[in-house]
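Residue-level listing of the chains:
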Amino acid sequence: MVALRNDEPSRRLEPAANRPRLAAPAMTPAIIRRQVVLEEMDVSPDGRFAIVVRRAVGRADRYVSHLWLVPLAGGLGRVRPITAGYVRDSRPRISPDGRRVAFRRRRYASPSAVPTLELLDLPARGLSRERAASWTLASPVHGVEALAWSPSGDRLAFTTETDPTRFLIPEPGGAQGRSDPDRSPLGRRIDRADWRYDDQGHVDRWEHLFAVAVRRGARPRRLTSGDWGVLQPSWDPDGQSLVFAADRSDQADRRPRQTIWRVGLDATEPVELLALGGNASQPAISPDGRWLAAVGVVDEDPLDDRSPGIVIAPADGSRPGVALAPELDRPVGSWVDTDLQGWQVSARFGPFWAGPDRIVALVSDRGRCLPWQFEIDPATGRGSTEPRRLATDAAACDHLAVAREGGRVALVGTLDGRAPELMTITDGRLVTRTTIGSRWQAGVRQPEMRLLLAPGAGGPIETWIASPPGAGDAALPAVVDIHGGPLGAWAPAPSLEVALLVSRGYRVILPNIRGSATYGRDWIRPQLGDWGGVDADDVHVALDHAVGLGLVDSRRLGVLGLSYGGFMVNWLVGTSSRFGAAVSENGVADQVSAWANSDSGPDYCRTSLLGDPFSEAGMLKLWRQSPLAHVSDVRTPLLILQGEADERCPKADNEQFFVALRMLGRTVEYVLYPDEYHVYQASGRVDRRIDRMTRMLDWFDRHLAHDGAPAG
């Protein structure tokens, strides 16, 4: 059994180096226009420098991002931007010789504004000259998605959405889909349940794999095709084939399960290498070509209480995969909730081979996300030692890269309450190497964070308390904020909404209630099929603990949550009268309708044991876990916020709750944001994010009889 320490029963975070002093002004929602996010990165093969993506708000409130060079060794100059312009640069990948960086670029001046594949030549020495111009290697019609260098550096692989279309009805004259980009399609003939996905809308085309020689004028070659999509391509060490994740089953839309495949540069039919009982993803071949590492669950048809781990299998597919550390009981990947990470790009968490006998990946544990090392026997592919953390800081990392030579580990993530920066590891501690991601925090007041353990029935509930600086232990109006998932967890770094509430004089209670995957299987299992049961009990226990310590004015309590947190808000206001105001965002009110209305509803409900509509018992189980069943008991003033394009928790669900409350004559408002998806509070249009934050703050001020004046 891997030893997992819980040695932080109650402490305050040490102030970050750039944490503002008490005299700093209070934060307002306008801070969103100043917010900067370091959101992606790669490290050079020799570990001497990294390239990081810095995203900010540009003109016309559009998000712009550029590549910055970060020296990690002497003689390489200063931290500086190497791209510029009214563009969204992303997905940097440094070539195997360290001389070039490939990346995606979206040019806002372009009418199509789809991402192209760009190359930027880096100087051989010094890396300190002024910015050079990039050049376009590939510009597919529907844009570039994932990309990867071949081991020799002479080719790049990329994915792009391709024809034929999946559901679009051909227009008269035989035109497939839309002949005019400003014209809506004739229609969609849908015969699969996977026609939509959050943050994408209609999935009209699959992503497929292409390879292109790294020279001007080269034409990409298509390597895969079919009614399925390619994810996470990675090269074999011989440079003659690639591995990737895909779900090619004929029931992929009904029982999704990704497996790992290999395809050669000759574009022959892909060969399946690894199939598990659950999903397999993030494939990576060892440097000697012998072993395939992936992230997944070996158990057949796993439920949510089985966390994905590192799986090892022969790279030729000759034997089934085995879990590398089956006793770890923590998920590989970034499973923590802090929107300081931006939530506009997918996390890059490994596995990365740091030699033939070591793998490094991010693991989420107790609300933190840190790099872990897994050692294997290259002869057998079995674990040779127990996995271990490479750092123990209060950090939430979401991007990881490992240098091919020497194994230097570089990360992007939060540390304590600081916004993401690029970090490396020295003597088991994270060392911050940049300041370009968190300077914006220095001009405004930040929360003081304290970690408490509330005595819950299932064990101690780790609960972060965010307070105004200098507030001490005075009883303040408070808002309990509930994380998403329910498999997520609050991190040491507070989300932007928490900082804004604190600036208004509130304490914010952030409990990691039962259901969070970052606390292991025994913390998840009691919540399966019992939404509104032990999880709701834990919310009350954490809040009671804060009240009992004298930190909270029990007469002025609010509750806030997004997604599953929105479900919990809807549930709590129907089953409790202790809250004076509530804000529910993109949540769930009716599990019966959510089963089919959500883009992932049937499989989500299956793995979380929520129920199904195929029997009276299954339907009643869904209804028993539906806040709508308690709508008549809601007396708390409720603000419902909703992204209109949300496919994960669609608007129809919250509209049922709103209409019912309106018919009952209760105090309720419903705010609908056009074109916005599930996590628009972090990734949506800037003015809508500001409006959302302003309405949330004003709602609590209005109904908690709080003057909104910042504490201190």
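Here the structure is a predicted model, which means the values were calculated and not measured.

**Student:** So what exactly am I meant to see when it comes to the packing of aromatic side chains here?
**Tutor:** Two numbers describe a pair of aromatic rings. These are the distance of the centres and the angle of the planes. Scanning the entire structure with this criterion turns up 13 aromatic pairs. Ring centres of F158 and F210 lie 5.6 Å apart, and the angle between their planes is 10°; this geometry places the pair in the stacked category. With a gap of 52 residues between them, F158 in strand 11 (residues 155-161) and F210 in strand 14 (residues 207-213) connect regions that are remote in the sequence. Across this residue pair, the class does not change: F158 and F210 are buried. Stacked on the ring of Y86, the Lys or Arg R59 has its end atom at 3.6 Å from the ring centre. Between the NZ or CZ atom of R248 and the centre of the ring of W261, over which it lies, the distance is 4.6 Å.

**Student:** What exactly am I supposed to notice about helix 10 (residues 686-703) here?
**Tutor:** Because each turn of an α-helix spans 3.6 residues, side chains separated by three or four positions in sequence point in the same direction. Compared with an ideal rise of 1.5 Å per residue, which puts 18 residues at 26 Å, helix 10 spans 26 Å between its outermost C-alpha atoms and is within 8% of the ideal. Buried within helix 10 are the following residues: V686, R688, R689, I690, R692, M693, M696, L697, W699, F700 and D701. Trailing helix 10 by a residue or two, A705 shows a phi angle of about 50°, which is positive.

**Student:** Help me understand the nonpolar core in this model?
**Tutor:** The nonpolar side chains of a soluble globular protein tend to be buried, and buried together. Ranked by size, the top nonpolar core spans 46 residues in total, and within it L501, L510, V583, M696 and F700 carry the most contacts. Top contributing element to this core by residue count: helix 10, with seven residues. Aside from chain neighbours lying at most four places away, what touches V583 is V559, L560, G561, V569, L638, L639, L641, M696, W699 and F700.

**Student:** What should I look at first to understand the sheet that holds strand 21 (residues 291-296) in this one?
**Tutor:** Remark on secondary structure: sheet strands pair via backbone hydrogen bonds, oriented parallel or antiparallel. With respect to topology, four strands assemble into an open sheet ordered 20-21-22-23, the strand pairing being antiparallel. Whereas interior strands pair on both sides, the edge strands pair on one side only; in this sheet they are strand 20 (280-285) and strand 23 (322-323). Pairing between strand 21 and strand 22 (residues 309-314): six bridges, direction antiparallel. Looking at the pairing, W291 lines up with P314 of strand 22.

**Student:** Even after reading the chapter, I still don't get the pairing of strand 3 (residues 49-57), so can you show me in this structure?
**Tutor:** Along any regular strand, the residues point their side chains to alternate faces of the sheet. Counting buried positions along strand 3 gives eight out of nine residues, so the element sits mostly inside the fold. Strand direction decides the pairing type here: strand 2 (residues 37-43) and strand 3, joined by six bridges, are antiparallel. Across the sheet, the residue bridging to M41 is V52, located in strand 3. Counted along the chain from strand 2 to the antiparallel partner strand 3, the turn is five residues long, and its residue G47 has a positive phi close to 75°. In the sheet, strand 3 pairs with strand 4 (residues 63-71) via nine bridges, with the strands oriented antiparallel. Its bridge partner being in strand 4, V57 is matched across the sheet by Y63. From the end of strand 3 to the start of strand 4, which pair antiparallel, there are five residues, and A60 there has a positive phi angle of about 60°.

**Student:** What's the story with the side chain of Q258 in this structure? I'm lost.
**Tutor:** Examined against the element boundaries, Q258 turns out to sit in the loop between strand 17 (241-246) and strand 18 (259-264). For Q258, a relative accessible area of 18% corresponds to the buried category. In this structure, Q258 is in contact with L231, A245, A246, D247, G278, N279, A280 and S281, ignoring residues within four places of it in sequence.

**Student:** Teacher, can you tell me more about unusual backbone geometry here?
**Tutor:** Trans is the common state for peptide bonds, and a negative phi is the common state for residues other than glycine. Of note, the amide linkage connecting D163 to P164 takes the cis form, showing an omega dihedral of 5°. In this chain, G485 is followed by P486 through a cis amide linkage whose omega measures 10°. Structurally, the position occupied by P486 is in the loop between strand 34 (476-482) and helix 1 (496-503). You will see that D427, though not glycine, has its phi angle at about 50°, which is positive. In this structure, D427 sits in the loop between strand 30 (418-426) and strand 31 (429-432). A positive phi angle, close to 65°, is found at D675, a residue other than glycine. One can find D675 in the loop between strand 39 (668-673) and helix 9 (680-683). Residue classification places D675 among the exposed residues on the basis of a relative accessible area of 59%.

**Student:** Sorry if this is basic, but what is going on with the pattern of salt bridges here?
**Tutor:** Here the idea is simple: oppositely charged side chains can pair when their charged atoms come close. By the definition in use, this model includes 52 salt bridges. One salt bridge in this structure joins D121 and R100, with 2.6 Å as the shortest N-O distance. Here the residue D121 occupies a position in strand 8 (residues 116-121), and R100 occupies one in strand 7 (residues 100-107), the gap between them amounting to 21 residues. Classification of D121 as partly exposed rests on a relative accessible area of 31%.

**Student:** I'm lost on the packing of helix 3 (residues 534-548) against helix 4 (residues 564-575) in this one. Help?
**Tutor:** Geometrically, a packed helix pair is captured by the angle between its two axes and the distance between the axes. Contact geometry of helix 3 with helix 4 gives a least axis separation of 11 Å together with a crossing angle of 80°. If you check the angle between helix 3 and helix 4, you find them roughly perpendicular. Within the contact between the two elements, helix 3 uses D535, A536, V539 and H540 and helix 4 uses Y564, M568, W571 and L572.

**Student:** Please explain the environment of A211 as it appears in this structure.
**Tutor:** In this structure, A211 sits in strand 14. Take A211: its relative accessible area is 9%, and that puts it in the buried class. C-alpha of A211 to C-alpha of W235: the two residues are 24 residues apart in sequence and 11 Å apart in space. For A211, the contacting residues outside a window of four places in its chain are L156, A157, R219, P220, R221, L223 and L265.

**Student:** I'm lost on the sheet that holds strand 19 (residues 271-274) in this one. Help?
**Tutor:** The sheet built from four strands is open, its strands ordered 16-17-18-19 with antiparallel pairing. Of all strands in the sheet, those bounded by a partner on one side alone are strand 16 (231-235) and strand 19. Averaged over all pairs of adjacent strands, the angle between their axes in this sheet comes to 30°, without regard to strand direction. Here six bridges tie strand 17 to strand 18, and the two strands are oriented antiparallel to one another. Residue A245 lies in a different strand from strand 18, and its bridge partner there is I260.

**Student:** Before we go on, may I ask you to explain the packing of helix 1 against helix 10 in this structure?
**Tutor:** Between helix 1 and helix 10, the least distance of the axes is 11 Å, while the angle of their chain directions is 40°. In terms of their interaxial angle, helix 1 and helix 10 are classed as oblique. Here the hand of the crossing between helix 1 and helix 10 comes out right-handed. From helix 1, L496, E497, L500 and L501 reach across to helix 10, where they touch R689, R692, M693, M696, L697 and F700. Each residue belonging to the contact of helix 1 with helix 10 can be placed in one class, and the counts come to seven nonpolar, no polar and three charged.

The rules behind each value
Residues numbered from 1 in each chain as written. Predicted model: local features only at pLDDT ≥ 70, side-chain atom pairs only at ≥ 80, totals over all residues. Heavy atoms only, no water. Phe/Tyr/Trp six-rings, centres within 6.5 Å; stacked < 30°, edge-to-face > 60°. Helix = DSSP H or I, 4+ residues; strand = E, 2+ residues; numbered from the N terminus. Buried < 20%, exposed > 50% of the residue type's maximum accessible area, 1.4 Å probe, protein only. Lys NZ or Arg CZ within 6 Å of the ring centre and 35° of its normal. Expected span 1.5 Å × (residues − 1). Core = buried A, V, L, I, M, F, W, Y, C linked by side-chain atoms within 4.5 Å. Contact = heavy atoms within 4.5 Å. Pairing = 2+ DSSP bridges. Salt bridge = Lys/Arg side-chain N within 4 Å of Asp/Glu carboxyl O. Axes fitted to C-alpha atoms, helices over the stretch in contact; angles between N-to-C directions. Parallel < 35°, antiparallel > 145°, perpendicular 65-115°, else oblique. Left-handed = near helix turned anticlockwise from the far one by under 90°. Nonpolar A, V, L, I, M, F, W, Y, C, P; charged D, E, K, R; others polar.

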